[in-house]
Amino acid sequence: MALESATLLKAGLLLLMAAQVLPLVSGCNRGFYERMISDLCLAKFKFNMGGLDPGVWCSWPDTTEIYEGLTNCTYQVAMRMDCFWPNQIVDRFFMKIHQTYFQDCALTGRLLHDPPISVLAPFIAVPVLVTLLMTALVVWRSKRTEGVL
């Protein structure tokens, strides 16, 4: 019993040490990655957004291609630098982007809406009618006791 607990203790200490050392020996240089996405991705994003009228920054159809380009750029830089993606640097990076460019945008264009009544009505009516039909069938069959089987 003591041998097993000592082995478990050693394994736990080994895992604790590995958790502290592995981030240091990974291939991702976080500072350089942050600088690269700022130099490469942010510069191109600023240039593209500068070409748009600030009044359309909140229009998703107008900015989606630019935003997807920014997302793809951060991903490509991460893959080339052997960094995980997404990561905390990318999260902070996009938070700054949103605070700078999209802070005044209303959520109304991105909220979920109910489908039109022409789509919604069949999805409501069919189950209700099937339930009523099955209930009527059960009641009708329960009143006819002869020849059930």
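Under an unreviewed UniProt entry, the name given to the chain is Receptor activity-modifying protein 1, and the source organism is Amphiprion percula. The record in UniProt for the chain states the following under Sequence similarities (unreviewed entry): "Belongs to the RAMP family." The Subunit (unreviewed entry) field of the UniProt record for the chain holds the comment "Heterodimer of CALCRL and RAMP1; the interaction induces allosteric modulation of CALCRL function and CGRP1/CALCA and CGRP2/CALCB ligand specificity. Heterodimer of CALCR and RAMP1; interaction forms the AMYR1 receptor complex for amylin/IAPP and CGRP1/CALCA ligands."

A count of helices and strands for the chain gives 5 helices and 0 strands. Out of the 149 residues belonging to the chain, those deemed buried represent 17%. Long-range pairs, those at least 24 residues apart, make up 68% of the contacts in the chain with a sequence separation of at least 6.

Next up on the list: the nonpolar core. Membership of the largest hydrophobic core comes to 23 residues, with the highest contact counts inside it found for Tyr33, Phe45, Phe93, Ile97 and Phe102. Listing elements by their share of this core, those giving two or more residues are α2 (30-50), α3 (60-80) and α4 (88-101). The contacts of Phe93, once residues within four sequence positions are left out, are Ile37, Ser38, Cys41, Leu42, Leu70 and Thr74.

Here we come to the packing of aromatic side chains. Under the definition given, this model contains 8 aromatic pairs. Residues Tyr67 and Phe102 carry aromatic rings whose centres are separated by 6.0 Å and whose planes lie at 70 degrees to one another, so their mutual orientation is edge-to-face. Residue Tyr67 is located in helix α3, and its partner Phe102 is located in the loop between α4 and α5 (117-143); the two are separated by 35 residues in the primary sequence. Of the two residues, Tyr67 and Phe102, neither departs from the other in class, the shared state being buried. Each member of the aromatic cluster is reached from another via a ring pair, and the members are Phe45, Trp57, Trp60, Tyr67, Phe93, Phe94, Tyr101 and Phe102.

Where α2 meets α4, the axes come as close as 11 Å, and the angle between the chain directions of the two elements is 30 degrees. Taken together, the axis directions place α2 and α4 in an arrangement best described as roughly parallel. Crossing hand, α2 versus α4: right-handed. The segment α2 lies against α4, with Arg30, Tyr33, Glu34, Ile37, Ser38, Cys41, Leu42, Phe45, Lys46 and Met49 engaging Ile89, Val90, Arg92, Phe93, Ile97 and Tyr101. Here the contact of α2 with α4 is composed, by residue class, of 11 nonpolar, 1 polar and 4 charged.

What follows is about unusual backbone geometry. Following Trp85, the chain continues to Pro86 via a peptide bond in cis, the omega torsion being -5 degrees. Structurally, Pro86 is set in the loop between α3 and α4.

This brings us to a nonpolar patch on the surface. On the surface, a nonpolar cluster with roughly 580 Å² of combined accessible area is contributed by Ile117, Leu120, Ile124, Val128, Leu129 and Leu132. Classification of Val128 as partly exposed rests on a relative accessible area of 45%.

The subject of this paragraph is the environment of Arg92. Within the element layout of this structure, Arg92 appears in helix α4. For the pair Arg92 and Glu34, spaced 58 residues apart in sequence, the C-alpha to C-alpha distance is 9.9 Å.

Viewed as axis vectors pointing N to C, α3 and α4 meet at an angle of 160 degrees, and their least axial separation amounts to 11 Å. Classified by the angle their axes make, α3 and α4 are roughly antiparallel. The way α3 lies across α4 gives a crossing that is right-handed. Along the contact surface, α3 presents Tyr67, Leu70, Thr71 and Thr74, while α4 presents Val90, Phe93, Phe94, Ile97 and His98. The residue inventory of the contact of α3 with α4, partitioned by class, reads 6 nonpolar, 3 polar and no charged.

Calculation criteria
- Residues numbered from 1 in each chain as written.
- Predicted model: local features only at pLDDT ≥ 70, side-chain atom pairs only at ≥ 80, totals over all residues.
- Heavy atoms only, no water.
- UniProt positions renumbered as here; feature names shortened; annotations may be inferred.
- Helix = DSSP H or I, 4+ residues; strand = E, 2+ residues; numbered from the N terminus.
- Buried < 20%, exposed > 50% of the residue type's maximum accessible area, 1.4 Å probe, protein only.
- Contact = heavy atoms within 4.5 Å.
- Core = buried A, V, L, I, M, F, W, Y, C linked by side-chain atoms within 4.5 Å.
- Phe/Tyr/Trp six-rings, centres within 6.5 Å; stacked < 30°, edge-to-face > 60°.
- Axes fitted to C-alpha atoms, helices over the stretch in contact; angles between N-to-C directions.
- Parallel < 35°, antiparallel > 145°, perpendicular 65-115°, else oblique.
- Left-handed = near helix turned anticlockwise from the far one by under 90°.
- Nonpolar A, V, L, I, M, F, W, Y, C, P; charged D, E, K, R; others polar.
- Patch = residues over 30% accessible without salt bridge, like charges linked within 9 Å, V, L, I, M, F, W, Y side chains within 5 Å.
- Areas by Shrake-Rupley, 256 points an atom, 1.4 Å probe, with all protein chains shown as cover.
- Salt bridge = Lys/Arg side-chain N within 4 Å of Asp/Glu carboxyl O.

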